[in-house]
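Architecture and fold: a report
Here's the letter readout for the chains.
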Amino acid sequence: MKIAGIELRRIAMPLVAPFRTSFGTETERDVLLVRVDAGDAEGWGECVAMSEPLYSYEHVDGAAELIRRFLAPALAAAPAVDAYAVDEIFQPYKGHPMAKTAVEMAVLDAQLRIAGMSFGGFLGAVRDRVPAGVSVGIMDTVPQLLAAVEGYLAAGYLRIKLKIEPGWDLEPVRAVRERFGPDILLQVDANTAYTLADARHLARLDPYDLLLIEQPLPEDDLRGHAELAKVMRTPVCLDESITSARAAADAIALGACSVVNIKPGRVGGYLEARRVHDVCAANGVPVWCGGMLETGLGRAANVALAALPGFVLPGDTSASDRYYRADITAPFVLEDGHVRVPTAAGLGVEIDTAQLADRTTATEWIPFS
Ligand code: NPQ
Ligand code: MG
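Anyway, here's the lowdown on the structure attached to this text. Predicted model, so just to flag it, every value in this text is computed and none were measured. (Residues numbered from 1 in each chain as written. Chains lettered and ligands numbered in written order. Predicted model: local features only at pLDDT ≥ 70, side-chain atom pairs only at ≥ 80, totals over all residues. Heavy atoms only, no water.)

Some points on the site of ligand 1
- Neighbouring residues of ligand 1: 20 residues in total, closest Ser135, Lys161, Lys163, Asn191 and Gly291.
- A distance of 3.1 Å separates an oxygen atom of ligand 1 from a polar side-chain atom of Asp189.
- Between an oxygen atom of ligand 1 and a side-chain N or O atom of Asn191, the distance comes to 2.7 Å.
- Burial of ligand 1 by the surrounding chains reaches 100%, relative to a free accessible area of 440 Å².
- For the shell around ligand 1, the secondary structure elements donating two or more residues are strand E1 (5–21), strand E2 (24–37) and strand E6 (159–163).
- Across the shell around ligand 1, the residue classes tally to seven nonpolar, four polar and nine charged.
- For the shell around ligand 1, the two domains that each supply at least three residues are domain 1 (5–116 + 352–367) and domain 2 (121–340). (Near = heavy atom within 4 Å. Polar contact = N/O pair within 3.5 Å; in protein donor to acceptor, adjacent residues only side chain to side chain. Areas by Shrake-Rupley, 256 points an atom, 1.4 Å probe, with all protein chains shown as cover. Helix = DSSP H or I, 4+ residues; strand = E, 2+ residues; numbered from the N terminus. Nonpolar A, V, L, I, M, F, W, Y, C, P; charged D, E, K, R; others polar. Domains from an automatic or database assignment.)

Focus on the coordination of the magnesium ion (ligand 2)
- Protein coordination of the magnesium ion (ligand 2) is provided by Asp189 (OD), Glu214 (OE) and Asp239 (OD), with donor distances spanning 2.0 to 2.3 Å.
- Motif for the magnesium ion (ligand 2), donor spacing along one chain: D-x24-E-x24-D. Taken together, the residues span a long stretch of sequence, with Glu214 in strand E8 (residues 213–214) and Asp239 in the loop between strand E9 (236–238) and helix H9 (245–254) at a distance of 25 residues.
- For Asp239, a relative accessible area of 0% corresponds to the buried category. (Donors = N, O, S within 2.8 Å, 3.2 Å for Na, K, Ca; no water. Buried < 20%, exposed > 50% of the residue type's maximum accessible area, 1.4 Å probe, protein only.)

With respect to the pattern of salt bridges
- Tallying each qualifying case throughout the model produces 27 salt bridges.
- Across the salt bridge formed by Arg35 and Glu42, the nearest N and O atoms sit 2.9 Å from each other.
- Classification of Arg35 as buried rests on a relative accessible area of 17%.
- With relative accessibility at 34%, the residue Glu42 sits in the partly exposed group.
- What you see here is one network of salt bridges that share partners, running through Arg159, Lys161, Lys163, Asp189, Glu214 and Asp316. (Salt bridge = Lys/Arg side-chain N within 4 Å of Asp/Glu carboxyl O.)

What about unusual backbone geometry?
- You will see that His96, though not glycine, has its phi angle at about 55°, which is positive.
- With respect to the helices and strands, His96 occurs in the loop between helix H2 (83–90) and helix H3 (97–115).
- Looking at His96, the relative accessible area reads 25%, which means it is partly exposed.
- Unusually for a residue other than glycine, Asp209 sits at a positive phi of about 50°.
- With respect to the secondary-structure elements, Asp209 resides in the loop between helix H7 (199–202) and E8.
- For Asp209, a relative accessible area of 51% puts it in the exposed group.

A look at helix H5 (residues 142–155)
- Spanning 14 residues, H5 covers 20 Å between terminal C-alpha atoms, matching the ideal 20 Å at 1.5 Å per step.
- Taken together, the buried residues of H5 touch strand E5 (133–136), E6 and helix H6 (170–180).
- Among the residues of H5, the N-terminal cap falls to Thr141, whose side-chain oxygen and the backbone nitrogen of Gln144 are separated by 3.2 Å. (Expected span 1.5 Å × (residues − 1). Contact = heavy atoms within 4.5 Å.)

As for the packing of aromatic side chains
- All told, the structure shown has seven aromatic pairs when counted by the stated rule.
- Ring plane angle 70° and centroid distance 6.0 Å describe the contact between Phe19 and Tyr323, whose orientation is recorded as edge-to-face. Highlighted residues: Phe19 in strand E1 and Tyr323 in the loop between helix H12 (296–305) and strand E12 (338–340), separated in sequence by 304 residues.
- Residue class for Tyr323 comes out buried when judged on its relative accessible area of 4%.
- Aromatic pair Tyr152 and Tyr157: ring centres 5.7 Å apart, planes at 80°, arrangement edge-to-face. We note that Tyr152, like Tyr157, is buried.
- Taken together, Phe19, Tyr323 and Tyr324 form an aromatic cluster joined through their ring pairs.
- A cation over a ring is seen here: Arg159 above Trp288, with NZ or CZ 5.3 Å from the ring centre.
- It is Arg322 that lies over the ring of Phe19; its NZ or CZ is 5.0 Å from the centre. (Phe/Tyr/Trp six-rings, centres within 6.5 Å; stacked < 30°, edge-to-face > 60°. Lys NZ or Arg CZ within 6 Å of the ring centre and 35° of its normal.)

Structure follows, in structure tokens:
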């Protein structure tokens, strides 16, 4: 495939409600989109970096600069590319998995549209719909949280994830369990907000029968997670720490996690995400698909990934209206608590050009010759 150039497009997506985590409160998603022009087809990629480096070290301006300054010129110098070639071309450049993923995703979308194959077909999807979970932000009060959870359960969500931080952990979990009973699938996500010194406190979550606790300790603290796993009955799941298939293999070998959250942007692409899935499957470690408040583009790709056989837990693959009143593609909706895997070529979703134009804050064309 020969690429004529790539467009970087910044869009501002207001959230339906503020989303608070242990690292901050978001009211608007600042998204970098990548469009590759491959002549016969175009392809779209979504960068999941945030405006500020609060989830991981990447941020949107940095990702745009990396693409503009290094990734696009490297691609332009190649005679022809597909997604596998893109990964090899990007390999010398250290880090920046979210920037690389956005470009890889756009190239893969274009390539699959030309081949008439869907993302799910390419990745190895074995389901036509995937169970949907929802991530519920930190609230000011427990009654507010209970009202939010009640709404999501009424909408059909099959699993609830509560964001936690020191001072907002045992109480909200106890209240949600007490109110909604032992049968709901419930888990928590700390986004690195604790240290190993909190191990005994975190073990007090054990009586609430959580599916897992996600990333309680810092990203680079694999040993700490392994120690924590010895003193908690609740399974430890890693998100931020799993930066590659090798990191997943290491974490599993060290006993640092017994469940893995897979986010393509965090591991450098959909091809690497599939390798993380394969490593976990080979080790009997259940995985689920994380979320980064994606638009319909990133959501389409994630839903396809989540249809692979090793994704045995509901993911943060929520319906579009969990985050956005109006999306830039047709919205993903809940059907019986599930989201449908697109079957059309490439991402299998089309851009709503009027919505996209409305949301756009900047565009930049990078010609390849
Ligand atoms: C997680 N996502 O699993 C992340 C973190 C997260 C759905 O809980 C703006 C952009 C706000 C990305 C908030 C979910 C965000 C964001 C949270 C990612 O850890
Ligand atoms: Mg997480």
